[in-house]
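# Fold and contact review
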Amino acid sequence: MSDTSKTVKSDSPEPQKAGGVIEDQTTVAPADDPTAAPIAVVDPRLLVREEGFKGYVTEFKRKVKGGELGQIPVVLGLIVIWTIFQAKNDLFLSADNLSNISYFMSATGMLAIGLVFVLLLGEIDLSVGSVSGLASTLFAVFVVDHTMNPWLSLVLTIITGIGIGALHGWFFAKIGVPAFVVTLAGFLGWNGLMLWLLGSSGTINIPSDSGPVHLLGQNSFFMDQAIIGAYLLAGLAVVLTAVGNFGEQRRRRAAGVPFRPTTEILLRVGALAVASFLAASVLNNASGVSNALVIFLAALVIVDFVLRRTTYGRKVFAVGGGIEAARRAGINVPMVRITVFAISGGFAAVGGMFFAGQTASATLNAGGGNTLMLAIAAAVIGGTSLFGGRGTVWSALLGMLVIQSIQTGLDLLNMNTSIQYMITGGVLLGAVVIDSVSRKSQKAAGRG
């Protein structure tokens, strides 16, 4: 319960029922006026069941007033960006251009997935760009210089990334060195190691037919460009969503707690079906769904399940929401911190392999330039809070869509790179401002 209110006992002697669901009537009175009439707090799902569409509107207004904006700002921003670029160049929403956006956002998107974990703790990892560059270089050294099996090289590369991240987390969690300093040292040190491994040439070319590089190449598509592949993925997404939602509804109904109405679930699944099959149709009009995009989406689904459906995921949110409270609840805070940074390092290594697949080489530019900043920006723009404790892994997808759309759109308009940086920086600042205002609104509403 927040500072601005306190719970008082309900006058109702028995739990109320709404639509067959037990409603535990909790009443709240303002802390500054204990004599005021208590206000019943009703679960939003019960409100929807009782009031129908009006209940959705009421709940939406409550969320907006309380600062719970969710993904609304980024979705609206993406619509505005696409509208502007399409008006400026009618090739922007063409199948080929959208296919390019979906392919090139995957590499940096992988880095953003790992950063979501770190940001949920309210920390930062400045080393992911350098770790991704080092990963692509290590893979090239294993395959080219030591003629190692490409798939074994991939496994060793990812394990190295996980180990590097765990090392950063150990210094942070056990020694007490601020994460900013530890990962800044990693940013410099691992970049130096990458340069040393690349040698004077600065480039190691990787055979384009070597396992992972071929799999992640721009001309590699799911099910070998078969049209059925895209629709199969869309159908799988719809089926899994439906099964998950109806399964949750059944469990909650059996437990006697509020659950989503069947109508709402059908609307959600229907909206996803329209979006999924439309995206599949557009990509099929180009060359199909790239393997890189399929792996990126699969990673999002798996990580989303880990964060929302497992004990470990709840521990990550708990530590990000309040370290002392998490510690008192019996959570091993140092272990959570170490594993989170290990996950970030692992995804950085995977992202490095995506970069290697794009160019079939390891170069000085791998993971360099503005890669780190774009990965952080993607997670934040997508809705993950810089203050910790709030966000979803899908923010990596939405944020990368925004950033890659801006880059691709400005390229079509032949704009200078400096313009790209300024616009991306403005969008990032806007996202952080929205996050800050949202947190203040939640606190004012007694939900922060």
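### Concerning the overall build of the protein
When helices and strands are tallied, the protein shows 17 helices and 7 strands. Residue burial in the protein is summarised as follows: out of 448 residues, 44% are buried. For the protein, long-range pairs separated by at least 24 residues make up 73% of all intrachain contacts whose partners lie at least 6 apart in sequence. A total of about 21,900 Å² of accessible surface is found on the protein, and carbon and sulfur atoms cover 64% of it.

### Notes on the packing of aromatic side chains
Considering all chains together, one arrives at 6 aromatic pairs under this definition. An aromatic cluster of at least three residues, connected via ring pairs, comprises Trp82, Phe85 and Phe92.

### As for the pattern of salt bridges
Tallying each qualifying case throughout the model produces 5 salt bridges. In this structure, Arg268 engages Glu264 in a salt bridge whose closest nitrogen and oxygen atoms are separated by 3.1 Å. Here the residue Arg268 and the residue Glu264 both occupy positions in helix α10 (residues 262–284), the gap between them amounting to 4 residues, near one helical turn. Exposure remark for Glu264: the relative accessible area of 8% places this residue in the buried category.

### Concerning the nonpolar core
Soluble, globular proteins show a tendency: their nonpolar side chains are buried together. Membership of the largest hydrophobic core comes to 92 residues, with the highest contact counts inside it found for Met110, Ile113 and Phe296. The element best represented in this core is helix α4 (residues 95–120), accounting for 15 residues. Apart from the residues lying within four places of it in its own chain, the contact partners of Phe296 are Met105, Ser106, Gly109, Met110, Ile113, Ala396 and Leu397. Counting 5 residues, the second-largest nonpolar core is a separate cluster that includes Val238, Ala242, Ile265 and Val269.

### A word on the packing of helix α11 (residues 291–309) against helix α16 (residues 394–412)
Helix packing for two helices is described by the angle between their axes and how far apart those axes are. For the pair α11 and α16, the least separation of the axes is 9 Å and the interaxial angle reads 145°. Here Phe296, Leu297, Leu300, Val301 and Asp304 of α11 lie close against α16, whose contacting residues are Trp394, Ala396 and Leu397. Grouping the constituent residues of the contact of α11 with α16 by class yields 7 nonpolar, no polar and 1 charged.

### So, the confidence of the model for the protein
On average, residues of the protein score 82 in pLDDT, and 81% of them reach the 70 mark or higher. Averaged pLDDT values over the elements of the protein bottom out at 39 in strand β3 (residues 21–23) and peak at 95 in helix α6 (residues 150–175). In the predicted structure, residues 36–41 sits below a pLDDT of 50 and forms 14 contacts with residues beyond four places in sequence or in another chain.

### Overview of the side chain of Asn291
As for its position among the elements, Asn291 is in helix α11. The class for Asn291 is buried, based on a relative accessible area of 13%. A distance of 3.2 Å separates a polar atom in the side chain of Asn291 from the backbone oxygen of Leu215. Setting aside residues up to four positions removed in sequence, Asn291 forms contacts with Leu215, Ser220, Phe221 and Phe222.

### Things to note about empty space enclosed by the protein
The tally for this structure, following the rule as stated, stands at 1 cavity of 30 Å³ or more. If you add up the space inside the largest cavity, you get close to 40 Å³. Considering the residues around the largest cavity, the lining is formed by Asn245, Glu248, Gln249, Arg252, Phe259, Arg260 and Ile265. In terms of residue count, helix α9 (residues 227–255) provides more of the lining of the largest cavity than any other element does, 4 residues in total. When grouped by side-chain class, the residues that make up the lining of the largest cavity number 2 nonpolar, 2 polar and 3 charged.

### Thoughts on a nonpolar patch on the surface
On the surface, a nonpolar cluster with roughly 450 Å² of combined accessible area is contributed by Phe180, Val181, Leu184, Phe187 and Leu188. Position of Phe187 relative to the elements: it lies in helix α7 (residues 179–198). You can call Phe187 partly exposed: its relative accessible area is 32%.

### Structural notes on the packing of helix α5 (residues 128–145) against helix α14 (residues 333–359)
It is at 7 Å that the axes of α5 and α14 come closest, and there the two elements cross at 55°. The orientation of α5 relative to α14 falls into the category oblique. Of the two elements, α5 crosses α14, and the hand of that crossing is right-handed. Contacts between α5 and α14 involve Val128, Val131, Ser132, Ala135, Ser136 and Phe139 on the former and, on the latter, Ser344, Gly345, Ala348, Ala349, Gly351, Gly352, Met353, Phe355 and Ala356. A breakdown of the residues in the contact of α5 with α14 according to their chemical character gives 9 nonpolar, 6 polar and no charged.

### Structural notes on the layout of surface pockets
Rolling a probe over the atoms, with the probe sized like a water molecule, indicates the empty space that remains. Its volume calculated, the second largest pocket comes out at about 520 Å³. For the second largest pocket, the lining is made up of 22 residues, of which Thr108, Phe355, Gln358, Asn365 and Thr371 are closest to its centre. Broken down by secondary-structure element, the contributors of at least two residues to the lining of the second largest pocket are α4, α14, β7 (361–363), α15 (371–381) and α16. When its residues are assigned to classes, the lining of the second largest pocket shows 7 nonpolar, 15 polar and no charged.

Cut-offs used in this document
Position labels on residues start from 1 in each chain and follow its written sequence. Where totals are concerned, whole chains, interfaces and linings use all residues; where local detail is concerned, this predicted model gives features only for residues with pLDDT of at least 70, and gives and counts side-chain atom pairs only at 80 or more. Remark: hydrogens and water are excluded; side-chain values derive from all non-hydrogen atoms of the structure. Going along the chain from the N terminus, every DSSP run of H or I of four or more residues is numbered as a helix, and every run of E of two or more is numbered as a strand. To sort residues, take the accessible area from a 1.4 Å probe on protein chains only and compare it with the maximum for the residue type: under 20% means buried, over 50% means exposed, and anything in between is partly exposed. Whether two residues touch is decided by their heavy atoms; if any such pair falls within 4.5 Å, the residues are in contact. Accessible areas in this description were obtained via Shrake-Rupley with a 1.4 Å probe; residue shielding takes into account the shown protein chains only. Geometry of aromatic contacts follows a simple scheme: Phe, Tyr and Trp rings, the Trp one being its six-membered ring, pair when their centres are within 6.5 Å, and the pair is stacked under 30 degrees between planes, edge-to-face over 60, tilted otherwise. We define a salt bridge as a contact between a side-chain nitrogen of Lys or Arg and a carboxyl oxygen of Asp or Glu at a distance within 4 Å. By nonpolar core we mean a set of buried residues, namely Ala, Val, Leu, Ile, Met, Phe, Trp, Tyr and Cys, connected to one another through side-chain atoms within 4.5 Å. Fitted lines through C-alpha atoms give the axes, limited to the stretch in contact for helices. The angle between two N-to-C directions lies from 0 to 180 degrees. Polarity classes work like this: nonpolar for Ala, Val, Leu, Ile, Met, Phe, Trp, Tyr, Cys and Pro, charged for Asp, Glu, Lys and Arg, and polar for all others, with Gly in that last group. What pLDDT expresses is the predictor's confidence in each residue, scored from 0 to 100. In protein, a polar contact requires one atom able to donate a hydrogen and another able to accept it; more generally it is a pair of N or O atoms within 3.5 Å, and residues adjacent in sequence count only if both atoms are side-chain atoms. Within this scheme a cavity is a closed region of a 1 Å grid, computed over the protein atoms alone, that accommodates a 1.4 Å probe without allowing it to escape, whereas a pocket is open but has protein on both sides within 12 Å along at least five of seven lines; lining residues each have an atom within 4 Å of a point. Grid points are joined across faces, edges and corners, and a volume is the space filled by probe spheres set on the points. Here a patch means residues that are over 30% exposed by relative accessible area and free of salt bridges, tied together within 9 Å if like-charged and within 5 Å if nonpolar (Val, Leu, Ile, Met, Phe, Trp, Tyr). Working rule for angles: under 35 degrees goes down as roughly parallel, over 145 as roughly antiparallel, 65 to 115 as roughly perpendicular, anything else as oblique. Handedness of a crossing is defined here by the sense of rotation of the near helix relative to the far one, left-handed for an anticlockwise turn of less than a right angle and right-handed for a clockwise turn.

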